[in-house]
Number of protein chains: 2
Amino acid sequence: MVTFLDELTAALGPDRVITDHDLLISYRRDEADLCDAGMPLAVVRPEETAHVAAALAIAARHGVPVVPQGARTGLAGGANAIEGCLVMSMLAMNRIVDLDTANRVATVQPGVVNAVLARAALAEGLRYPPDPGSWESSTIGGNVATNAGGMCCVKYGVTTEYVLGLEVVLADGRVLRTGRRTPKGVAGYDLTRLFVGSEGTLGVITEITVALRPAAEESLTMVAVFPTTAAAGDAVNRIFAAGLSPSLLELLDRVHLEALEAYRPMGLDTSAAAVLLAAVDTGSRAAADLEALAELARQAGAGEVWQATDATEAAELLQARRLAHPAMEHLALSLYEHGGLIIDDIAVPRTRLAELLDDIVEIAAKHDVPVGVVGHAGDGNLHPNIVVNRADPASVAAGQRVFDEIMERGLALGGTCTGEHGVGLLKRDWLATELGEVGVDVQRAIKSALDPTNLLNPGKVLR
Amino acid sequence: MVTFLDELTAALGPDRVITDHDLLISYRRDEADLCDAGMPLAVVRPEETAHVAAALAIAARHGVPVVPQGARTGLAGGANAIEGCLVMSMLAMNRIVDLDTANRVATVQPGVVNAVLARAALAEGLRYPPDPGSWESSTIGGNVATNAGGMCCVKYGVTTEYVLGLEVVLADGRVLRTGRRTPKGVAGYDLTRLFVGSEGTLGVITEITVALRPAAEESLTMVAVFPTTAAAGDAVNRIFAAGLSPSLLELLDRVHLEALEAYRPMGLDTSAAAVLLAAVDTGSRAAADLEALAELARQAGAGEVWQATDATEAAELLQARRLAHPAMEHLALSLYEHGGLIIDDIAVPRTRLAELLDDIVEIAAKHDVPVGVVGHAGDGNLHPNIVVNRADPASVAAGQRVFDEIMERGLALGGTCTGEHGVGLLKRDWLATELGEVGVDVQRAIKSALDPTNLLNPGKVLR
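Residues numbered from 1 in each chain as written. Chains lettered and ligands numbered in written order. Predicted model: local features only at pLDDT ≥ 70, side-chain atom pairs only at ≥ 80, totals over all residues. Heavy atoms only, no water.

A.B. asks: I'd like a rundown of the interface of chain A and chain B, residues and numbers included.
C.D. replies: Chain A puts 75 residues into the contact, and the matching count from chain B is 75 residues. Approximately 5,800 Å² of surface area, both sides summed, lies buried where chain A meets chain B, with 58% of it carried by carbon and sulfur atoms. Of all residues in chain A, A:K184, A:V186 and A:Y189 bury the most surface against chain B, accounting for 17% of the area lost on that side. Our count for the contact surface shared by chain A and chain B stands at 8 salt bridges. Between B:D379 and A:K184 there is a salt bridge, with its nearest N and O atoms 3.5 Å apart. Across the chain A-chain B interface, the total number found is 25 residue pairs in polar contact (both at pLDDT 80 or more). Looking at the side of chain A that touches chain B, the element that brings in the most residues is helix α15 (residues 428-450) of chain A, giving 13 residues. (Contact = heavy atoms within 4.5 Å. Buried area = accessible area lost by both parts, 1.4 Å probe. Salt bridge = Lys/Arg side-chain N within 4 Å of Asp/Glu carboxyl O. Polar contact = N/O pair within 3.5 Å; in protein donor to acceptor, adjacent residues only side chain to side chain. Helix = DSSP H or I, 4+ residues; strand = E, 2+ residues; numbered from the N terminus.)

A.B. asks: Quick rundown of the pattern of salt bridges? Include the residues and the values.
C.D. replies: Under the counting rule described, the total for this entry stands at 50 salt bridges over all chains. In this structure, the salt-bridge partner of B:R193 is B:E161, at a minimum N-O distance of 3.7 Å. Remark: B:E161 occurs in the loop between α6 (153-156) and β8 (163-169) and B:R193 occurs in helix α7 (residues 191-195); sequence separation between them is 32 residues. Overall, B:R193 belongs to the buried group, its relative accessible area being 7%. A salt bridge links B:D234 to B:R238, with the nearest nitrogen and oxygen atoms 3.1 Å apart. Of this pair, B:D234 and B:R238 are both found in helix α8 (residues 229-241), 4 residues apart, which corresponds to roughly one turn of the helix. For B:D234, a relative accessible area of 28% gives the class partly exposed. Given the relative accessible area of 30%, B:R238 is considered partly exposed. Salt bridges sharing partners connect three or more residues here, namely A:E161, A:R193, B:E161 and B:R193. (Buried < 20%, exposed > 50% of the residue type's maximum accessible area, 1.4 Å probe, protein only.)

Next comes the structure, spelled out in structure tokens:
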């Protein structure tokens, strides 16, 4: 009898199929702590669309579930292996197929790293804006599959705003092309944006056409230090009420300031309740806009407000923000030998930010669990990082309760359970709560329409 | 036996159900010439979501197809009645439910006219950018159902970029809520953007939450007159290659210039091959940007280039552009007693504009059919307006051939069959060609998943 693996190896060649146990282990999970992961039967590394199509057709015939993976930098378990699955790692499909500067359009394979595309565009005076925290390692395919956000979103939007068209291999191995290469187009249902953010549950993305923008001019950056979270929230409201459009508006809470100082001392004011980091990039108006931002921060009660004196200092400030995640991991490991983080990703209407911040402090105190909050304040998108001791079930359970109470509170404030990280395994139940019965039914109907036998990343997004 | 109409009238009240034959006639069609329209069995005018849900549940039980309608300004027959259908006119659901200035979000019922929302936002210092030609009469519901474009899209994007969430009544009468009120969110499949542009075939939209932007500063406007279409296309390429982002970049061909002068004389140069109308609205940099645009137009071969001296003159130029459609209708009626237009809406990569323009001239000459081209040059989106004598089947057939040859040519240039008007009845066959077999299969699978008995606007978009 020809087995699944025989057939797969015959079709793709032995070099593209991994079955070594130790190697398989390294493909089990993404960066989400505390999400289940199974052991894959095999990993396949396609180098062209035909390989993906062949592998999916064979998997469908044998009823083997398929889990697509990019760089496994996800934070919701969406790329975690399922017991006995075929992991499809897209990292070998890493060519920039075309960079059409005149039309400001690029076509790439899914394994191209975000920073590689961003730098290739920049070399042509163009910009690919989406900038998730993982941009130096995460792939465009993974960014598209999770509809990744980043710090630029407050002005430039998330990944889906830039995706014009896709090539996708369907569950049965057929190849679908969606969208277009033109700036505008409304030909039929918007399948492109249905696949964006679908976390590998509807098809495997094999090519992506994105819109590029002119490269940004140099930005100006400032920091405002607030005595209370309410004052920081008030500053955010004032900035938007004034009609300003900062290109970046990030928040770090006291826990993060302390964690950063412990991890990489840079003289941050750890007595502050919150710090806002803002940037503007509107050309000749930038200086005036930044001064307006600073004045609004002062009106909202900021103590210290200072501007980066040059590009180097501005880059250092951004780097501090980008270090928030490793700094919190460092904090977790300084508290517990097996310390870890449950990373949340909640978004609320901008005007409810201060309330949510205060609620998180209260919830953390109630359960005596350290929680640091960092986030994209301009988008109302916060990442509460919940510190747990992985070796202590009681600590993990307390962290889970904190996570659930923050989610409950965020939804009650008119928010959503995920602003940019996706649902994966981590948020399936909160997604169901957020969508309601009809919403879940329709999501299931879409999934069944495209993957009737539930072979593509089963159990992710929807239970 | 209780009939469909008895049940409908009992549930919604007689004032909301129209069965008078003469009144029904006025609900038969949108503004697309030459598309079939049937006679509705009745028209219902719901005033709240519960009415829509009740009417759809009753229609589903009786197997009566339902055609949703806004202001019937569509140009593809998407809102045309089907023989024996229930027309659902959304015009009575015309409340702005909420205008949340602090979060820059508005929630409206589908019957709110675009200009009404735009003006309400402006009164609060905000802006709802999508500006289809019909903005003074078309509804937000219709704009969302067709994913309407407009002149601002070159910088500000089409309708879908602004839709955050929807309330939709499904084919079986259940009420679905999609999306969110937060700036960011990736919770589950993007059903919001699946419904945007679905032309009433997947559900009836009953509430829309849109993002608003700060009101634009006053814009500066210029006109450049070109001796050849190639020179105009070259100017468009140069503008984008220079990294400029005009807020408007429109093209009028010689046929349109002549039609406008005949309709409303304003001293346009009717010897020009094409005119580009451009605007910039980037605040203090606007004057420099406009000068750069003018210089690039000159380098591309523009003869005359002039700037509007003030807001009044700029408004007059925009008005001339907005009169292009009535001017062409006037031309058709001056040529034939029963003159009419077949309006095309093709989009190609920006760099292929000049080729497409030349091809259209050639195709029109070959068939001896007058064709005027107007369009959103910055988006590569052209509207060839094909003049036909409705009373002469040979003329209509010739117009149809011109339409088909332009479509064929546009797709060969890497384009799409509809940039912003939608598919409706007019472009079903071209959509199928553009999507290919797998694409059509997937679109059908989505339709079946949401409307298994094919009762919602059947035969539109897909045959």
